[in-house]
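# Coordinate analysis (summary)
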Amino acid sequence: MTVSRREFIQWSAAAASLAATGCNLSTVPAKATPKRILILGGTGFLGPATIEVAQARGHQVTMFNRGKTRPDLFPGVEKLHGDRDPKKGEGLKALETGTWDAVIDNSGYYPRMVGASAALLAPRAKQYLYISSISAYKEPNPENGTEDAALATLADPAVEVMGAEFQNYGGLKALCEQATQKAMPGRATIIRPGYIVGPDDPTGRFTYWPVRFDKGGELAVPGAPNDPVEIIDVRDLDAWLVHLVEQGTMGVFNACGPETRLAWGSLVEAFQKAGNANAKPLWIPADVVAQQKDLEFPIWAPYAGETRGFHTWSNTRAVKAGLKFRPALATVQDTLAWFKTQEKVEKGRNKLAGPSAEQEAMLIAAWRKSPAFKG
Ligand SMILES: NC(=O)c1ccc[n+]([C@@H]2O[C@H](COP(=O)([O-])OP(=O)(O)OC[C@H]3O[C@@H](n4cnc5c(N)ncnc54)[C@H](OP(=O)(O)O)[C@@H]3O)[C@@H](O)[C@H]2O)c1
């Protein structure tokens, strides 16, 4: 597994806490028939943005979580407390009553727990949306893979640890999907996002780039301009999740954007446009980057070898089901604007992934010394 692939999985699994969402409602169309939506989670990254869209659309939202993370968020939203693990404390007791048009399961990482909530809610919920991941696919990923690609497997399907390098995350996600489908046959919607990015992202992965470009000066950019890159703005994903609820759409969907293949070079141009005018990106080939020990560039992955297919998942099915994407530049600008506010507002949400200044300088020096460097 490459560094970039590994850090995708680690951060996706970690699902840390965050600040209020600031959802751009310009993408949210006219009101729909009100639905009762239960969100398992609701206080991390995806959940708050979904709640914003659902409320703006006139739906009635309830969230279920442990009440540990940002308990003051959404004072007007019904809150049920418990644990995804039925063996812990009150477990799923709070979910023993109530009826729902849709359950959105954002916080399920282990099939025993996802299966327990899906089975408990099956008689009282019309639809169960399980948020999986492209990590659920077997590695190495095929190029232009569809939802029919092979899924990851685990030697021990009952394992309940992610592993030191989160190596069980993908296999567990695949098993959680299967647990959902078993409990809700024909009424499950499985969503497999790639990198979820945008304002409020607690991982600092995508955010590293607009912030680094905004700092200005010479900066290292790995790979080549034509390398593909897939991202999805959290606000686009959440608007679509609510749309799937409104339409009662079932099935399995990759959720990677944008609609047509995005070149890493085009995204770099967006970083330049949004950032400091004196930022000077220095392109450094993937093989030179790979030689630097412990150097991790977030988001980008080499368009070669084991990661060739990583940023090329097909989104045709999702687009047909109504997934829409805002321009990458808007995501870049809004992420940078949010990060600047966040620095002052909520400490702990403003961490960044990516290399340190020293690591970046060392890489640039190594590249300048390389015989392939043309100056
Ligand atoms: N970020 C990415 O790029 C990416 C990519 C692909 C897939 N994904 C998937 O997207 C989802 C991320 O969702 P999110 O964290 O943003 O969701 P969210 O709806 O914001 O929910 C997160 C909340 O779930 C609650 N929770 C966690 N463990 C719990 C437990 N044992 N029992 C009850 N509640 C629990 C926590 O609140 P309390 O602490 O209050 O309980 C946490 O703040 C994950 O399924 C992840 O695998 C992410």
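You'll find the structure just up there.
Cut-offs and rules
- Residues numbered from 1 in each chain as written.
- Predicted model: local features only at pLDDT ≥ 70, side-chain atom pairs only at ≥ 80, totals over all residues.
- Heavy atoms only, no water.
- Pairing = 2+ DSSP bridges.
- Helix = DSSP H or I, 4+ residues; strand = E, 2+ residues; numbered from the N terminus.
- Axes fitted to C-alpha atoms, helices over the stretch in contact; angles between N-to-C directions.
- Near = heavy atom within 4 Å.
- Polar contact = N/O pair within 3.5 Å; in protein donor to acceptor, adjacent residues only side chain to side chain.
- Areas by Shrake-Rupley, 256 points an atom, 1.4 Å probe, with all protein chains shown as cover.
- Nonpolar A, V, L, I, M, F, W, Y, C, P; charged D, E, K, R; others polar.
- Parallel < 35°, antiparallel > 145°, perpendicular 65-115°, else oblique.
- Left-handed = near helix turned anticlockwise from the far one by under 90°.
- Contact = heavy atoms within 4.5 Å.

## Digging into the sheet that holds strand 2 (residues 60-65)
Taken in spatial order, the 7 strands make up an open sheet running 3-2-1-4-5-6-10, and their pairing is parallel. In the strand order of this sheet, the two ends are held by strand 3 (78-81) and strand 10 (251-255), each with one partner. Within this sheet the neighbouring strands show an average axis-to-axis angle of 20 degrees, counted without direction. Two strands pair when backbone bridges link them, and strand 1 (residues 36-40) and strand 2 are joined in this way by 5 bridges, in the parallel orientation. Within strand 2, the residue paired with Arg 36 across the bridge is Gln 60.

## Observations regarding the site of the ligand
Gly 42, Gly 44, Thr 69, Tyr 169 and Arg 205 are the nearest of the 32 residues found near the ligand. In the model, a nitrogen atom of the ligand is placed 3.1 Å from a nitrogen or oxygen of the Asp 83 side chain. In this structure, Arg 205 approaches the ligand through a side-chain N or O atom, which is 2.6 Å from an oxygen atom. Protein coverage of the free-state accessible area of the ligand, which is 940 Å², stands at 93%. Those elements giving two or more residues to the shell around the ligand turn out to be helix 1 (3-14), helix 2 (46-56), helix 4 (169-183) and strand 7 (195-197). The greatest single-element share of the shell around the ligand, amounting to 3 residues, is contributed by helix 2. Looking at side-chain class alone, the shell around the ligand contains 11 nonpolar, 15 polar and 6 charged residues.

## Notes on the packing of helix 2 against helix 6 (residues 234-247)
Each pair of packed helices gets described by two things: the angle between the helix axes and the distance between those axes. Where helix 2 meets helix 6, the closest approach of the two axes is 9 Å, and the angle between their N-to-C directions is 55 degrees. Taken together, the axes of helix 2 and helix 6 are oblique relative to one another. The crossing of helix 2 and helix 6 is right-handed. Residues Leu 46, Ala 49, Thr 50, Val 53 and Ala 54 of helix 2 touch helix 6, and the partners they reach there are Val 234, Leu 237, Asp 238, Ala 239, Leu 241 and Val 242. Classifying every residue of the contact of helix 2 with helix 6 gives 9 nonpolar, 1 polar and 1 charged.

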